[in-house]
Each structure stands twice: as structure tokens, then as C-alpha cells.
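# Working through the structure, step by step
Take a look at the letters that make up each chain.
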Amino acid sequence: MKLVVASGKGGTGKTTVAVNLMLTVASLPAQDRPAELIFLDCDVEEPNAHLFLNPELTDETTVGLRMPQVDVARCTGCGRCAEVCAFHAIAVINKKVLIFPELCHGCGSCTYNCPEGAIHEVLRPTGTISWGTVTTDGATVRFGQGLLNVSEAMATPIIRTLKQQLTATDPAAALEILDAPPGNACPVVETLRGADFALLVTEPTPFGLHDLRVAVDVTRKELGLPVGVVINRDGVGDEGVTRFCAEAGVPILLRIPQDRRVATAYAEGIPMVTAFPAYREAFRALYARLREEVSA
Amino acid sequence: MTTADPQQLVILSGKGGTGKTSVAAALAHLAAQTLPLVIADADVDASNLDLVLEPQRLETHDFASGLVAEIDPAACIACGECEAACYFDAIVPGEIYRVDPIACEGCAACRYRCPVEAIRTYEPQVGQWFLSDTAYGPLYHAHLFAGAENSGKLVTLVKQQARLRALDDNRPLILVDGPPGIGCPVISAASGATLALLVVEPTLAGVHDLQRIFAVTRHFGVPAMVLVNKADLSAARTAEITAFCRAESVPLAPSLPYDTIVTEAMVRGLPVTAYAARASVSQALQETWALLKAHLAL
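Being a predicted model, the structure only gives us computed values, none of them experimental. (Residues numbered from 1 in each chain as written. Chains lettered and ligands numbered in written order. Predicted model: local features only at pLDDT ≥ 70, side-chain atom pairs only at ≥ 80, totals over all residues.)

## As for the pairing of strand 11 (residues 195–200) of chain B
Residue and element names in this part refer to chain B. Of all 6 residues making up strand 11, 5 are buried, and the element is well covered by its neighbours. Note: strand 1 (residues 7–12) against strand 11, 4 bridges, orientation parallel. When the bridges of strand 11 are listed, L12 appears paired with L198. Note: strand 11 against strand 12 (residues 224–228), 5 bridges, orientation parallel. Following the sheet pairing, V199 is matched in strand 12 by L227. Handedness of the β-α-β unit built from strand 11, helix 6 (residues 204–219) and strand 12 comes out right-handed. (Buried ≥ 20, exposed ≤ 12 C-beta atoms within 10 Å, placed from the backbone. Helix = DSSP H or I, 4+ residues; strand = E, 2+ residues; numbered from the N terminus. Pairing = 2+ DSSP bridges. Right-handed = clockwise from strand over helix to strand, strands pointing away.)

Here it is, written out as C-alpha cells:
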């Protein structure tokens, strides 16, 4: 099962749900546990899951965009590269090629279209991905995360590379949990591609509801994924989210009550199932519900 | 910069859900009591500011941006050249090939490569932007359609409109509610800002994310001020943030206590300072506004 934990609104508890679910499944007896456990932190702008899972990161690789480089000896200054660039990242002035790296999407159109074969591509680093393992309760979780370099704009290529780097040997027998970035734009969509299920974490407030509506649109309508909701900090706010879920036919798979002790443990980087093992039962039930929903 | 140039205050956070929008709404309410301002919601894929400002929508505009490729099924010969050309995994092979419009980056590499010219590109409508009237000033906001690209461009557009309005009406302040993260829309939101107010929560993740968003504001030369929200959640983490600010010479606004009255105000659709002016969180926000006003020389 490839499960993406997403939210629309930030700070609703995506990482909390993703981490605690993984820790709970990892603690199941070997025969009830998926053969392979994989956790990917796809919030490459602000990755936080490592703070709670303390992975041992053993490998790292640089990720970047394939940027054009012009061989001036071959370039005739014809301007074809600037003409084909959909992102206005190339200008040709006085037969000299100027490249604006921050606008380049690394698509390769200029390289392909150059009539002189004067362009080749070099990697411009925009971030890193790193991976390793988390050992917990005798189970091993393969862990990966991406990190966008400060001042870089494009998170999506890093997410794409991370997903390609850590794949399940047998996806049917694995549990893969992907912790998505907030929002509803392209980085979230890249995280959701190829998922079996989208678990949307929200809080029962007008802000939470507004962003949940959009998140349901993205996941169910645009991407055709089955979706379920986790209501975090249940008890604050109002009944809007519960009403919306009933009307839209979106199942509420878990309610996590507002609990200041949980918030305090979170502040120190302690997952709730570690601080308060009683919560394991709730996450076990969530996992069972998810398996039913995915097999349905 | 001339004296007529409006000051641009952007609220950012790195980590999501730290209280940017609640703070922005309160500051809009407080600022409007002493000066005319323009408000911009730059969180275009999860815009919430309008939920607490009771806006009256005056204008709606379509926003089209970027390109998407499309394969003509009648012309496609399934040669696979487009798939080889695409760096973004956006070509779905089959008896005839098709484009996954969500994965498509709009680069047109496939169009150039197709030997039978079966591919065209078009500019999709990816969102809308709005002008609304609120009790605190005009609000420029937007909605990016589900899963669309180019949120940075939509943010830039919203901010440009807000700036033109501020110049036209001689309004000295533009208050910008920013998106979470540190990437494309955040860079657009922070660009040209006079001051960034970084709203953080005193948690391990909050401290971690503060360091990254602060590095972004510094990289782009935007001065920052830090506001700790829910400060009493962890005295130790609040002290850590204070130490960080001192080391980096970043001014700190008065901390806000954890108070469910903020959520109550949100449910009522009001800025917390308008809903409960005497709550300690509102008083801290009033002090914060006074400090910001001095920093912005307003």
C-alpha cells in the first residue's frame, strides 16, 4: 500500500499522523506486519519527520536541474534556443546566449533544438536527497528525505528523484508512507502521483475545512484517488468538517482528541505513541481501516 | 525608494499552521485603526485570510499561465519519441500516447520532437484572483485551481495588484499573508518586502523550520522579526528561539500565549483582536503592532 498523508492547510498534523502510523505498524508482530516498510518525507522545503524518527542516514546524493551550457566555439548565435524555451530562461543578445538559471526548468528543449549541437547539459544542484534506516521495535523502516537548498524555488524535481530512489521491491507486500508538503499545488501533486490512497489530515476549524475541500478536489476529483480523513485536535473549533465529510461521502478514519500533553510531547520531538502508548490502539485501528478502504 | 513607496510587511513561517493567518488578520484589524492599508493573501493554494475578514467581493479575474501539451489521437503514430523527450514523466504510453496534464511542465520538448506534428500546447486557466472590500481595507486574494502550477506567478500578480492600489490611493502599508515553506511561492511573497514577520511555534520542528525560512529572508535581503506563537507550550524551545534571534541579531516581538480564544475567533470569522480585545493574546498582538509600526517607520 502506497499511502500519502496530505492536508491542504499546514500544521494540521501530517507528520504526526505519518510518523505515529509507521511506528505503530512497525511494532506489530512480524506476521501482521507488511514485508517492507518505507517512509518518505516529501516535504522537501521543511522536512520534519527525521526529528521524530531519528533515522540513521547512510547515503546522500545531489539533485538538480539539467542546465544548458553553450559551447561558444560552435554557437552561431541563431537564437533558436531562446525561441524554443517555454520559460524565458534564455535570451540571445548580439549573437551571445544568456542563460537565467533560476528560470530554467531543465527540460532539454534547447539542447534538442540547437541546430549546431552546441548545447550540452550540466547538473545545477538545487537540493539533496538522503536515505537510510530507522530501527524500531525490531522492525526496520527504510527512510528517505529530500532537502531543497535555501533560495531555490523548485521542490518538485527533488520529490520526483526521492520517489525514484526508494521504491518497494514488492509494492503489494509493502507499506509505503509518504509525508506530503502542505498546500494543494504542484509539489503535493508530485507526491500523490502513483499513490493507492490519500489520507487527509485536518483540524475542525473554518481554515481546516476550507483547505480540506480543496485537498479533496485535488485527490479525489483531479487524481481519482480514494480518500479518507483524520481529524486532529478534535474538540476545538466547530462541526463544519464533520458535516462536510458526511455530505461529500469522505470517511473519517480517525479522530485525535485535543490533548495538550500530546502538544507538549510533540514540542520535544516525542511521537505520541511513544509518549502515550495508549494511542497505539487508535493507530492500529486506523491501519486496519486503511487496509479495508484500499482493498475495497 | 521614495517616501511615497508603501511599506510591505510579509507574514511568513516556514512550517505551516503556526498561526500566520490569525496574526495577519489581527494586524490588519489593528493597523486599520491608525492608517489606510492594502491587504494581500499570498497563500494562493490554501487561502484563508478572507474567512476572518468578512470580505465583499468586488472583482473576479481569470488567471491563465504556463503551457500544457496535448496529443491529437488521430495523428499519433505511437512512435514513442515524445516519451523519450519528456524529462517529467508526463507522457503515458499506449496504443496512442497521451499527456498527463498534471505532470506536464509545459516545456514543449515533446512538441518539437514529434515527427508527425501531433502535439500542440495550450495555455490553461489555472486560477482566479479577486479584489474584495473589507472593513480594514481592500483585500487582493486568489485561488489556484487544484493541483495547478505557477503558484509563484499568481502570488506575484496578487502582490502587484496590491502595490498598484497602495500607490494609487496613497496607502502607506501593504500587509501580505504568506504561504508556508521556503520554495517558489514563498520567494514570490517575500520579494520586495520591507520586513518579514516570522511566526514560529516553540517545537523541535518549529525551531528547525525557523532556521530555514530565516536563511531565505536573509538570502533575499529582507529584514526579519520573529514572533513566537503558543510560547507557553515549551519554555525550553522558546528560550532556544530567543537565543537564536539574539545570535542572529533578529528582533523579537512579544510572545503570544497559547489560547483557544484564537480558534473561537476564527470560528466566528473575526480577527482575535476584534473578537476579544482584552484577552492577553490580543494585548500581545497590540504590542507587536506598535513595535512593527516603529520598525516600518509608519
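## Examining the domain arrangement of chain A
Interfaces are frequently sized by the accessible area removed from exposure as the parts join. When its domains are assigned, chain A resolves into domain 1 (2–63 + 126–295) and domain 2 (72–117). Using only C-alpha atoms to locate each centre, domain 1 of chain A and domain 2 of chain A end up separated by 40 Å. (Domains from an automatic or database assignment.)

## Focus: the packing of helix 1 (residues 20–32) of chain B against helix 10 (residues 280–295) of chain B
All names here are of chain B. As a packed pair, helix 1 and helix 10 sit with axes 10 Å apart at the nearest point and diverge in direction by 65°. Crossing angle aside, the handedness with which helix 1 passes helix 10 is right-handed. Across the interface between the two elements, A26, L27, L30 and A31 from helix 1 touch L285, Q286 and W289 from helix 10. Split by residue class, the contact of helix 1 with helix 10 holds 6 nonpolar, 1 polar and no charged. (Axes fitted to C-alpha atoms, helices over the stretch in contact; angles between N-to-C directions. Left-handed = near helix turned anticlockwise from the far one by under 90°. Contact = placed C-beta atoms within 7 Å. Nonpolar A, V, L, I, M, F, W, Y, C, P; charged D, E, K, R; others polar.)

## Notes on the interface of chain A and chain B
Each partner contributes residues to the interface: chain A has 51 residues there, and chain B has 54 residues. For the side of chain A that touches chain B, the secondary-structure elements that each account for two or more residues are helix 4 (109–113), helix 6 (186–192), helix 7 (206–222) and helix 9 (260–267) of chain A. For the side of chain A that touches chain B, the element with the highest residue contribution is helix 7 of chain A, accounting for 9 residues. For the side of chain A that touches chain B, the residue count by class is 23 nonpolar, 18 polar and 10 charged.

## Quick look at unusual backbone geometry
A positive phi is found at D137 of chain A, a non-glycine position, where the angle reads about 50°. The topology assignment puts D137 of chain A in the loop between strand 6 (119–136) and strand 7 (139–148). Located in the positive-phi region is S249 of chain B, a residue other than glycine, with phi close to 55°. Relative to the elements of secondary structure, S249 of chain B occurs in the loop between helix 7 (235–247) and helix 8 (261–268).

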